[in-house]
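Chain by chain, the residues:
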Amino acid sequence: MRIETRRRWAIAWLTGPAYLWLAVTIFLPLSAMLYFSFQKKGPFGKHASEFSLKHYEAFFTKGYLQDLMWRSLEMGFHVTGLCILIGFPAAYWLARRIRGRWREALFLLIVLPFWSNALVRVFSWTIVLRPDGVLDRAVQSVIPGLPAIDLTDSYPAIIIGLVHSYLPYMILTCFLSLQAIDESLLEAARSLGARSWTILVRIILPLAVPGLAAGSILIFVPVIGSFFEPRLLGGPKGTVIGTVIEEQFTVVSNWPLGGALSFILLAIVLLILAVAAPVLKNHMRTT
Amino acid sequence: MNQARLTVLVSEGAGRLWLFLVLVFLYLPILVLAVMGLNDSVHYTLPFTFTTRWYEDLASNERLLQASFNSVAVALANTVIATILGTMAALAFARYRFRGRTVLQLLLFPPITIPWLIIGTSMLVLFFWTGIGRGLHAMLLGHVALSLPYVIIVVGARLASIGPDLEEAAASLGATPFQSLVRVQIPVMAPGIVAAALFAFAVSFDQFVISYFLAPPGVSVLPVEIFSAIRKGFTPEVNAISTIMIVISMTALLLFARLSKFGGER
C-alpha cells in the first residue's frame, strides 16, 4: 500500500507541472474563447454577461464570411495538392534511389529551411517576387521583351509562399512511409513481370497512403488557419477567414465574432481529421 | 546502348533534376534574402555592390536590439522551463503505467495541431480577462505551452530506446532512487534532453503568431518587429537581422539532428 501511494505521488509530481501549465495556457484559454463566442459582447467595460448565438448566426447569414471560409479551404486544397505533386516524386527519389551519406545530407537539406522563421521566409518571397525583383530579372534575361512579372499582392504569390513553407512536411512524411517499403516486395513484383508503372500504382502508392495522408493533414490544417502569409503576400487580395479572425482581435475588437469564427474553423478541422482517421488507421494496420 | 538502359538513365537523370529543382525552390528565396542584406541598394536593385553597412546599422538600431534581447531572453527562459517540465513528464510516461496515461499523452496533440491563430487569440482573451495581461511574461507562458509537447515526445523517444534495464541494474546494485536518477538516468538521457532543449529554443525563437497577439505596444520580440517592418516599409537592415535569425535557428536544428540521430540510420 505504501508503495502504491508513493507511486501515485511520483506520477502526480512528475506530470503535474507540465499539465498544469498546458491547462492554464491552452485548455483554459480555449474554454474562455468558447464562452465568449456565445456572449453578446467581449470583456470590455462593465456589462452583465448575456448569452447570444448571434455571432454564429452571423457566419450563416452573411454570405461574405462563407465565401472567405470557402476561399481558405480552396487555398488549403491548392497548397496541399501542389505539395503532393512536388513533394511525392522528390520523397520517392530520396527514399528509394539515393543511398548512404548522400541521402542523409539531402534529407537534412530539405528539412532545414523549416527551421528558419516562417515569417522571414514569407518576407524573402516579397523580395523575390516584387517587380524588377529576382524572378522578374531572371525571366527577362532568358526571354527579353516579355511583359514585366509582378506577382506582388496576388493569389499565386500566396500559394507560392505557402507551398514553400509547408513542402518539407510532405517530403518528410512521404519519405518515412516510402523508406519502410520492403525491397523484396518490389523484386517479387518485378520477377513476376510487373512493369514499373504497375509497381508504382499497385504497390508503392497504396503503401505510401499513410505518409500522403499525414502530410496532407499537417499542411491543410495550418494553411486554412493561416493569416500572415496571405496578408503579406496577397495584400488587399489576401483576405481569407484567417485574416478576418485576426482583425476581430487586433483591429475591430469584436472578440465574440472572432471566437465564433475560430470555433467554426476548428469544427471544420475536426471534421477533416475525423474523416481522415479511419483511412490512416486502416493503413497502419495493414502495413 | 539498349533501350532499357537508356530509359533507366533518363529516369535517373529526371529524378535527380527534380530533387535539385526542389532544393533550388527551397533555398533560392533564403539566399536572395541573405545576398540583398549585403547589397548597397535600399531598393533591392541590381547590380550587386557589396556592403556591410546594413549589419553595421543594426548596432545602432535601438528597437531591433531591444527586440533581439527580448527574443533571446524569452527563448532561454522557455528552454529551461519547457525542458525541465517536459523531461519530468516524459520520465513519468516511460516509468509508470497508470490510468489516464493515454489521455494525458493525447492531450499533447491539441497544442501542436490547433492552428496557432486560434491558440494565440484564445490566450489573448484569457490573459486579458484574468488580468495576466500581455507582455514578455505572457509570451513565455505561451511559448512553453507550445514547446512542452515536443520536449515530451523527443525525451520520451530517447527513454524508450534506453529501456528500464539500466535503472533496474542500478537499483539492484544498491543505488538510491536519487543516486540512480543523477548518476545513471540523467547521463544516459542527456543527448535526448539537449536535443529537446535545442528544439524548445527554436520553437520559441521562431514563434511569431503567439507573440504577435501577446505583444503590447512598445514591447516586442524579433519576429513581431520584423512583421511591423514589412508592413510599414523596410530597408535591407531587415534582411540583415533576418539572416542572423536564420543562421541561429538552422544551427540549432543541425545540432539537434546530430544529437538525436534524426533522418538517417547511422
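Since we're looking at a predicted model, the values are computed, not measured.

Parameters and conventions
Residues numbered from 1 in each chain as written. Chains lettered and ligands numbered in written order. Predicted model: local features only at pLDDT ≥ 70, side-chain atom pairs only at ≥ 80, totals over all residues. Heavy atoms only, no water. Helix = DSSP H or I, 4+ residues; strand = E, 2+ residues; numbered from the N terminus. Rg over C-alpha atoms; globule rule 2.2 N^0.38 Å. Buried < 20%, exposed > 50% of the residue type's maximum accessible area, 1.4 Å probe, protein only. Contact = heavy atoms within 4.5 Å. pLDDT = per-residue confidence, 0-100. 1 Å grid on protein atoms, 1.4 Å probe; cavity = no way out; pocket = protein on both sides within 12 Å on 5 of 7 lines; lining within 4 Å. Points joined across faces, edges and corners; volume = space filled by probe spheres on them. Polar contact = N/O pair within 3.5 Å; in protein donor to acceptor, adjacent residues only side chain to side chain. Patch = residues over 30% accessible without salt bridge, like charges linked within 9 Å, V, L, I, M, F, W, Y side chains within 5 Å. Areas by Shrake-Rupley, 256 points an atom, 1.4 Å probe, with all protein chains shown as cover. Salt bridge = Lys/Arg side-chain N within 4 Å of Asp/Glu carboxyl O. Buried area = accessible area lost by both parts, 1.4 Å probe. Nonpolar A, V, L, I, M, F, W, Y, C, P; charged D, E, K, R; others polar.

S.K.: Which parts of the structure should I look at to understand the overall build of chain A?
M.R.: Along the backbone of chain A there are 12 helices and zero strands. Its helices and strands taken in sequence order, chain A reads α-α-α-α-α-α-α-α-α-α-α-α from the N to the C terminus. Computed over its C-alpha atoms, the radius of gyration of chain A comes to 24 Å, more than 25% above the 19 Å expected for a compact globule of 287 residues. Along the longest, intermediate and shortest principal axes, the C-alpha atoms of chain A span 80 × 75 × 35 Å. Counting every position in chain A, which comprises 287 residues, the buried fraction comes to 49%. In chain A, the share of contacts with a sequence separation of at least 24, taken over all contacts with a separation of at least 6, comes to 66%.

S.K.: Please clarify how the confidence of the model for chain A should be interpreted in this entry.
M.R.: Interpreting fine coordinate detail is not advised for predicted regions of low pLDDT. Per-residue confidence for chain A averages 85 on the pLDDT scale, and 95% of its residues sit at or above 70. Per-element averaging of pLDDT across chain A places helix 6 (residues 134-142) of chain A at the bottom with 75 and helix 3 (residues 63-97) of chain A at the top with 92.

S.K.: Just to check I follow, could you spell out empty space enclosed by the protein for this structure?
M.R.: To find leftover empty space, one rolls a probe the size of a water molecule over the atoms. For the structure shown, the criterion picks out one cavity of 30 Å³ or more. Empty space within the largest cavity amounts to approximately 40 Å³. As for the largest cavity, its lining consists of I127, D132, G133, V134 and R137 of chain A together with M36, Y44, T45 and L46 of chain B.

S.K.: Just to check I follow, could you spell out the environment of G76 of chain A for this structure?
M.R.: All names here are of chain A. Residue position: G76 is located in helix 3. Using a relative accessible area of 0% as the deciding quantity, one classes G76 as buried. Between the alpha carbons of G76 and A90 there is a distance of 21 Å; along the sequence they are 14 residues apart. In contact with G76, other than residues within four places in its own chain, are F220, V223 and I224.

S.K.: Help me out: how do you make sense of unusual backbone geometry in this one?
M.R.: The phi torsion of most residues other than glycine is negative, and most of the peptide bonds are trans. The phi torsion at S253 of chain A lies on the positive side, around 55°, for a residue other than glycine. Inspection of the secondary structure assignment puts S253 of chain A in the loop between helix 11 (241-250) and helix 12 (255-286).

S.K.: Would you mind going over the side chain of T51 of chain B with me for this structure?
M.R.: Residues and elements named next belong to chain B. Structurally, T51 is set in the loop between helix 1 (3-36) and helix 2 (53-58). Of the residues examined, T51 reaches a relative accessible area of 12% and is grouped as buried. A distance of 2.9 Å separates the side chain of T51 from the backbone nitrogen of R53, its partner in a polar contact. Residues in contact with T51, not counting those within four places in the same chain, are G37, L38, N39 and D40.

S.K.: Please clarify how a nonpolar patch on the surface should be interpreted in this entry.
M.R.: Judged by side-chain polarity, L17, W18, F20, L21, V24 and L28 of chain B come together as a nonpolar surface patch covering roughly 540 Å² of accessible area. Looking at where F20 of chain B falls in the secondary structure, it is placed in helix 1.

S.K.: Before we go on, may I ask you to explain the interface of chain B and chain A in this structure?
M.R.: One frequently used descriptor of interface size is the decrease in accessible area upon assembly of the parts. Listed by partner, the interface residues are 85 residues for chain B and 79 residues for chain A. Both sides of the chain B and chain A interface together cover about 7,700 Å² of buried area, and 82% of this is carbon and sulfur. When the buried surface of chain B facing chain A is broken down by residue, L19, F25 and L117 of chain B rank first, second and third, together holding 8% of it. Between chain B and chain A we count zero salt bridges in total. If one sorts the elements of the side of chain B that touches chain A by residue count, helix 1 of chain B sits on top with 16 residues. Of the residues in the side of chain B that touches chain A, the class split is 65 nonpolar, 13 polar and seven charged.

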